[in-house]
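Take a look at the letters that make up each chain.
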Amino acid sequence: MICRKTFFYPASACILIALFAANLIYGAASIPLGEVVNILFGGETEKVAWQHIVLQSRFPQAITALLAGASLAASGLLLQTLFKNPLAGPSILGISDGANLGVALVMLFFGNSFQLFATYSFSGSIAITIAAFAGACILLVIIIYFSGKVTNAVMLLIIGIMTGYLASSVISILNYYSSADRVHAYVMWGMGDFSGVSNERLPFFMICSSAGLFISLLLIKPLNALLLGEMYAANLGIKVKRIRIIILLCTGLLTATTTAFCGPISFIGLAVPHIARLLSGSSNHTMLLPVTILFGACVALLCNLLTTFPGTNSILPLNAITPIVGAPIIIYVIINRKNILYFN
């Protein structure tokens, strides 16, 4: 275990730094490496546009990808442990569907703007972010309410899936009655994007994501106890119902924040915990959770890098790239499930 820790943490950190640097250097616009370094250290540059691209676009986008990947991966691991289901992910409880419903109401029904209490009006990306966060939080409250009504985690999982289906049904109805332009705008939002967080909105995104990640790290001990079953965890003094609600709140915060700012990002939360298990060879969250967070950030940065198609100025949708990374991992997990350490 010590050997693995000695290897994985420095290796993961080096990979993370390299991918973060690559996201600053590489993009649709070709900027010399020396100019990028010069801009980052506050020097003068030949073109003002290059400075804007690096500082106003690539840098916040790289930070967003790093935190979003870490958040989704951590929430995926927490849910897989809570439900003892290796195919659980951040969207499994319908929280992402709640965010999707909030955005659908704003984009498809209200026309990309809304007014609150007849005093505050919101439009554009701010309206979309608020709607997504509100929708996710409402679904989270519903799930937490039902978590106090059922004692079985599997039943809670089924309730989450059903609420997600209900939200998806409402979205389908809104799509049916909306104009083609509004439907197209909503579909484009649903493809996911790390570039929607500006420098002005980045601090709020960082605070919410960092808070969720910090809470997840505080849950390492009860998560390890839950690996042995809820009865065993209760015998160890773990208050299972309270821990379940805290896990739901933590995953809700991480998922709601990421979906509100970046759209529904697929596969990262589902696949990265399996990558961490395969590489670490452990189900102990003392090692597994930090490795999952690091590799989640790495995978998100890699996917963001791959969205820029080489030799062209076109940017591919993020959710067109994440399945390329995630789907083979899930297939491998299904085929070799008995050979991978999960809940033992």
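Residues numbered from 1 in each chain as written. Predicted model: local features only at pLDDT ≥ 70, side-chain atom pairs only at ≥ 80, totals over all residues. Heavy atoms only, no water.

## Let's talk about the overall build of the protein chain
Logical step 1: Scanning the protein chain from terminus to terminus reveals 14 helices and two strands.
Logical step 2: Looking at the protein chain as a whole, 49% of its 344 residues qualify as buried. (Helix = DSSP H or I, 4+ residues; strand = E, 2+ residues; numbered from the N terminus. Buried < 20%, exposed > 50% of the residue type's maximum accessible area, 1.4 Å probe, protein only.)

## What about a nonpolar patch on the surface?
Logical step 1: Together, I25, Y26, L33, V37, L40, F41 and F59 make up an exposed nonpolar region whose accessible area comes to about 650 Å².
Logical step 2: A total of three residues in the nonpolar patch trace back to one element, the largest contributor, which is helix α2 (residues 33–40). (Patch = residues over 30% accessible without salt bridge, like charges linked within 9 Å, V, L, I, M, F, W, Y side chains within 5 Å. Areas by Shrake-Rupley, 256 points an atom, 1.4 Å probe, with all protein chains shown as cover. Salt bridge = Lys/Arg side-chain N within 4 Å of Asp/Glu carboxyl O.)

## Concerning the side chain of S209
Logical step 1: Inspection of the secondary structure puts S209 in helix α8 (residues 202–218).
Logical step 2: The buried category is assigned to S209, whose relative accessible area is 1%.
Logical step 3: A distance of 3.0 Å separates a polar side-chain atom of S209 from the backbone oxygen of F205.
Logical step 4: Discounting chain neighbours no more than four positions away, the residues touching S209 are L67, S71, L254 and T257. (Polar contact = N/O pair within 3.5 Å; in protein donor to acceptor, adjacent residues only side chain to side chain. Contact = heavy atoms within 4.5 Å.)

## Observations concerning the nonpolar core
Logical step 1: Core analysis: the biggest nonpolar cluster contains 88 residues, and F83, L93, Y186, F194, F205, I247 and L248 have the highest contact counts within it.
Logical step 2: A total of 14 residues in this core trace back to one element, the largest contributor, which is helix α3 (residues 48–83).
Logical step 3: What I247 contacts, discounting residues up to four positions off in sequence, is L78, L82, L219, L223 and L226. (Core = buried A, V, L, I, M, F, W, Y, C linked by side-chain atoms within 4.5 Å.)

## Overview of the side chain of D97
Logical step 1: Looking at the element boundaries, D97 is found in helix α4 (residues 95–109).
Logical step 2: We note that D97 is buried and unpaired, the nearest opposite charge coming from R244 at a distance of 19 Å. (Lys, Arg positive; Asp, Glu negative; His and termini not counted.)

## Quick word on helix α13 (residues 285–306)
Logical step 1: The terminal C-alpha atoms of α13, which comprises 22 residues, lie 30 Å apart, in line with the 32 Å expected from a rise of 1.5 Å per residue.
Logical step 2: Taking burial as the measure, the 22 residues of α13 include 17 buried ones, the bulk of the element.
Logical step 3: The N-cap of α13, judged by a side-chain oxygen 3.0 Å from the amide nitrogen of T286 a few residues on, is N284. (Expected span 1.5 Å × (residues − 1).)

## Quick word on the confidence of the model for the protein chain
Logical step 1: Looking at the protein chain as a whole, its pLDDT mean stands at 84, while 89% of the residues score no less than 70.
Logical step 2: When mean pLDDT is taken per element in the protein chain, α8 scores highest with 94 and strand β2 (residues 120–123) scores lowest with 57. (pLDDT = per-residue confidence, 0-100.)

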